[in-house]
Amino acid sequence: MPSSDVPSNWWRTAVIYEIYVRSFADGNGDGEGDLIGLRERLPYLRDLGVDAIWLTPFYRSPMVDGGYDVADYRDVDPLFGTLADFDAMLAAAHALDIRVIVDIVPNHTSSQHPWFTSALTAGPGSLERDRYIFRPASEEPPNDWESIFGGRAWTRTPDGEWYLHLFDPGQPDLNWDNADVRAEFESVLRFWLDRGVDGFRIDVAHGMVKEAGLPSVGHPQQIGLLGREPLPYFDQDGVHEIYRAWRKILDSYPGDRMAVAEAWASTPLRLARYVAPDELHQAFNFDFLAAPWSAAELRATIDACVEAADSVGAPTTWVLSNHDKARHVTRFGSPGIARAAALLMLALPGAAYLYQGEELGLPEVLDLPADARQDPVWHRSGGTDPGRDGCRVPLPWDASLPAYGFSTTGRSWLPQPDWASLAASSQQGVPSSFLELYRTALRLRRTFTGPLTWNDSPTDVLDFSRDGLRCVVNLSGAAVPLPTGSVVLASGDLPDGTLPPDTAVWLR
Ligand code: GLC
């Protein structure tokens, strides 16, 4: 916990910045981002004004799924550094008043995890196999479940048994009915809490418990990473008991530690169950990320999410981009809309999650060469789905350096496009830039408090007030008159007292 801070439910209003460690900053010149590189760039994050960072997995891993295939939950992969590098980074972040959240991957391990390799050796019926979801040898797989990355969710072992993997075959699902599994993750949480982390992001938090008997779904094309249909492998009631146990562990530590669920449920109210007072603190709000640029749809989404979170006393969260989704500049098809969307998100009550590079206005990289792509989604779909590498291209820091300063040697694990004009160095101090828009927005945001009230507005204009703020976003096709009040920030020009289409303004 940052020393200067008194515990205060900081996470309720925080801006939390996601760091895809491999692509953030490379400190040793091998073309792969690492913990030393991250530590060196912490002052940039302080200047940006974030409250916390969330690091994607940096644990020992064969990197089949970018580190979401963990072989040792208590060590740093040599690609990213050492435990000492982690401790140094954590101390440096805390010295800058930046909290640190780490990713926990409890639905599956890597197939290289010692538990899985010993399960394979120990054979059918063994205690070792009971930690995973094995089923007896048969011609056909045990049910029709599909891998979220494509293909079926079952793979055969050499002795003919099947094992379940909702993701890649290199990510076998754990059996959360097994007491070893529960005890191990409670111990892993304590390991990182003892080191001083401020919280956890829980990967696939809705996936750990499966419906008894593993019934078939009954149809193909079951789900992408984030879907809505109730499924026998997602959002089962039994998962909540796990989080009640985890919450007790978090609460037993000083300093306001928290956890945020990557969970997907069929309705906002089912999602709210993950953030009940005795469970987790937050859940990502993917409805907002998935909403189209439409005033009616955004307003309905905002209202539903605020209401659901209020029903359990939890803060809402907002997210526009992450390491699994196409960057929102590209999704919206326009940097101008992305700027307006950012001001909309950052004006809303609750916590906001930023994804590295969105403050630079980076677009999705659509033309990565096939041989550079690494995402299992690309490989398992036979190249029909481009996968998620396009939002994971290493950041451009300095327009004048090789690899835009991402690494000291100019190496980069994914090729970067011509990003000179988007590099942080090109935007720094330029008032009209993305970076300065985000910096100003994050600074002003701290002065807004209270819930949101909608104001009357023309069709397709979102207009709401909170204490200290009025936010107006024009999603219609024509300019509208600017409401009275003094403008403190705008996502674009405001010619002749009007608010042009696809523009947002903050007024006092
Ligand atoms: C989560 C992660 C994603 C990963 C998957 C499997 O959805 O965000 O990147 O591939 O879980 O662990």
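As a further point, take the overall build of the protein chain. Helices and strands together make up the secondary structure of the protein chain, namely 14 helices and 20 strands. Radius of gyration (C-alpha) of the protein chain: 23 Å, near the 23 Å computed for a compact globule of 508 residues. Seen along its three principal axes, the alpha-carbon backbone of the protein chain occupies a region of about 75 × 50 × 50 Å. The burial tally for the protein chain puts 60% of its 508 residues in the buried class. Intrachain contacts of the protein chain at a sequence separation of at least 6 include 66% that bridge at least 24 residues. Between the averaged position of the 42 positive side-chain charges in the protein chain and that of its 69 negative side-chain charges there is a distance of 3 Å.

Moving on, we come to the packing of aromatic side chains. Per the stated rule, a full pass over the model turns up 31 aromatic pairs. Centroid distance Tyr-73 to Phe-185: 5.0 Å. Interplanar angle 75 degrees. Geometry classified as edge-to-face. With a gap of 112 residues between them, Tyr-73 in strand 4 (residues 72-76) and Phe-185 in helix 5 (residues 179-195) connect regions that are remote in the sequence. Judged by relative accessible area, Tyr-73 falls into the buried class, the value being 3%. Among the aromatic side chains, those forming a connected cluster through ring pairs are Tyr-73, Trp-176, Phe-185, Tyr-243, Trp-246 and Tyr-274.

The subject of this paragraph is the sheet that holds strand 5 (residues 99-104). In spatial order, the strands read 11-10-9-5-2-1-13-12; together these eight strands make up an open sheet with parallel pairing. Of all strands in the sheet, those with a lone pairing partner are strand 11 (282-283) and strand 12 (317-319), marking the two edges. In terms of strand pairing, strand 5 meets strand 9 (residues 199-202) through four bridges, oriented parallel. Looking at strand 9, one finds that Ile-101 is bridged to Gly-199. Helix 3 (residues 83-95) rests against strand 2 (52-55) and strand 5 of the sheet, and its axis sits at about 140 degrees to strand 5.

This paragraph deals with helix 4 (residues 114-122). Listed in full, the buried residues belonging to helix 4 are Trp-115, Phe-116 and Ala-119. On an axial view of helix 4, the arc spanned by its buried residues comes to 95 degrees, and they lie on one face. Buried residues along helix 4 sit against strand 6 (134-135), strand 8 (162-164) and helix 5. Gly-123 sits one or two residues past helix 4 and shows a positive phi near 90 degrees.

Here we take up the domain arrangement of the protein chain. The assigned domain composition of the protein chain is domain 1 (10-107 + 179-367), domain 2 (114-164) and domain 3 (450-507). The C-alpha centroid of domain 3 is placed 55 Å from the C-alpha centroid of domain 2.

What the rule picks out here adds up to 26 salt bridges. Arg-46 serves as the salt-bridge partner of Asp-47, at 3.1 Å between the closest nitrogen and oxygen. For Arg-46, a relative accessible area of 40% translates into the label partly exposed. Several salt bridges converge on common partners, so that one network encompasses Asp-65, Asp-324, Asp-375, Arg-388 and Arg-392.

Turning our attention to the site of the ligand. Around the ligand, the structure places 15 residues, and the nearest of them are Asp-65, Asp-203, Glu-262, His-323 and Asp-324. In this structure, an oxygen atom belonging to the ligand sits 2.7 Å away from a side-chain N or O atom of Glu-262. Within the side chain of His-323, a nitrogen or oxygen atom sits 2.9 Å from an oxygen atom of the ligand. Here the ligand loses 100% of its free accessible area of 310 Å² to cover by the protein chains. For the ligand, the cavity whose grid points lie within 2 Å of the majority of its atoms is the second largest cavity.

With 144 residues, the main nonpolar core has Tyr-17, Leu-45, Ile-53, Phe-86 and Trp-506 as its most contacted residues. Formed by 18 residues, the second largest nonpolar core is a distinct cluster that contains Trp-145, Trp-162, Val-217 and Leu-231.

Let us look at empty space enclosed by the protein. Under the counting rule described, the total for this entry stands at six cavities of 30 Å³ or more. As for the largest cavity, its lining consists of 15 residues, and the residues nearest its centre are Leu-271, Ala-283, Cys-305, Ala-309 and Thr-316. Broken down by secondary-structure element, the contributors of at least two residues to the lining of the largest cavity are helix 7 (268-272), strand 11 and helix 9 (295-310). In the lining of the largest cavity, the residues fall into ten nonpolar, four polar and one charged. For the second largest cavity, the calculated volume is near 90 Å³.

For the rest of this paragraph, the subject is the environment of Tyr-253. Tracing the chain through its elements places Tyr-253 in the loop between helix 6 (239-251) and strand 10 (258-261). On the basis of relative accessibility, which here comes to 15%, the residue Tyr-253 falls in the buried class. Measuring from C-alpha to C-alpha, the distance between Tyr-253 and Tyr-404 comes to 41 Å, with 151 residues separating the pair along the chain. The residues contacting Tyr-253, other than those within four sequence positions of it, are Arg-190, Leu-193 and Asp-194. A distance of 2.7 Å separates a polar atom in the side chain of Tyr-253 from a polar atom in the side chain of Asp-194.

Moving on, we come to the packing of helix 3 against helix 5. Taken N-terminus to C-terminus, the directions of helix 3 and helix 5 make an angle of 55 degrees; their axes are 11 Å apart at the nearest point. Judged by the angle between their axes, helix 3 and helix 5 are oblique. Here Leu-83, Phe-86, Asp-87 and Leu-90 of helix 3 come into contact with helix 5, specifically with Phe-191, Trp-192 and Arg-195. Class assignment of the residues belonging to the contact of helix 3 with helix 5 gives a composition of five nonpolar, no polar and two charged.

Once that is clear, we can look at the pairing of strand 14 (residues 449-454). As paired strands, strand 14 and strand 15 (residues 461-467) are joined by three bridges and run antiparallel to one another. Bridging from a neighbouring strand, Trp-454 pairs with Phe-464 of strand 15. Hairpin connection of strand 14 to strand 15: six residues between the antiparallel strands, including Asp-460 at a positive phi of 65 degrees.

Turning to the environment of Gly-170, a few remarks are in order. Tracing the backbone shows Gly-170 in the loop between strand 8 and helix 5. Judged by relative accessible area, Gly-170 falls into the buried class, the value being 9%. Between the alpha carbons of Gly-170 and His-113 there is a distance of 9.8 Å; along the sequence they are 57 residues apart. Aside from chain neighbours lying at most four places away, what touches Gly-170 is Asp-69, Thr-109, Ser-110 and Ser-111.

Criteria and thresholds
Residues numbered from 1 in each chain as written. Predicted model: local features only at pLDDT ≥ 70, side-chain atom pairs only at ≥ 80, totals over all residues. Heavy atoms only, no water. Helix = DSSP H or I, 4+ residues; strand = E, 2+ residues; numbered from the N terminus. Rg over C-alpha atoms; globule rule 2.2 N^0.38 Å. Buried < 20%, exposed > 50% of the residue type's maximum accessible area, 1.4 Å probe, protein only. Contact = heavy atoms within 4.5 Å. Lys, Arg positive; Asp, Glu negative; His and termini not counted. Charge placed at Lys NZ, Arg CZ, Asp CG, Glu CD. Phe/Tyr/Trp six-rings, centres within 6.5 Å; stacked < 30°, edge-to-face > 60°. Pairing = 2+ DSSP bridges. Axes fitted to C-alpha atoms, helices over the stretch in contact; angles between N-to-C directions. Arc of directions from axis to C-beta. Domains from an automatic or database assignment. Salt bridge = Lys/Arg side-chain N within 4 Å of Asp/Glu carboxyl O. Near = heavy atom within 4 Å. Polar contact = N/O pair within 3.5 Å; in protein donor to acceptor, adjacent residues only side chain to side chain. Areas by Shrake-Rupley, 256 points an atom, 1.4 Å probe, with all protein chains shown as cover. 1 Å grid on protein atoms, 1.4 Å probe; cavity = no way out; pocket = protein on both sides within 12 Å on 5 of 7 lines; lining within 4 Å. Sits in = over half its atoms within 2 Å of the grid points. Core = buried A, V, L, I, M, F, W, Y, C linked by side-chain atoms within 4.5 Å. Points joined across faces, edges and corners; volume = space filled by probe spheres on them. Nonpolar A, V, L, I, M, F, W, Y, C, P; charged D, E, K, R; others polar. Parallel < 35°, antiparallel > 145°, perpendicular 65-115°, else oblique.

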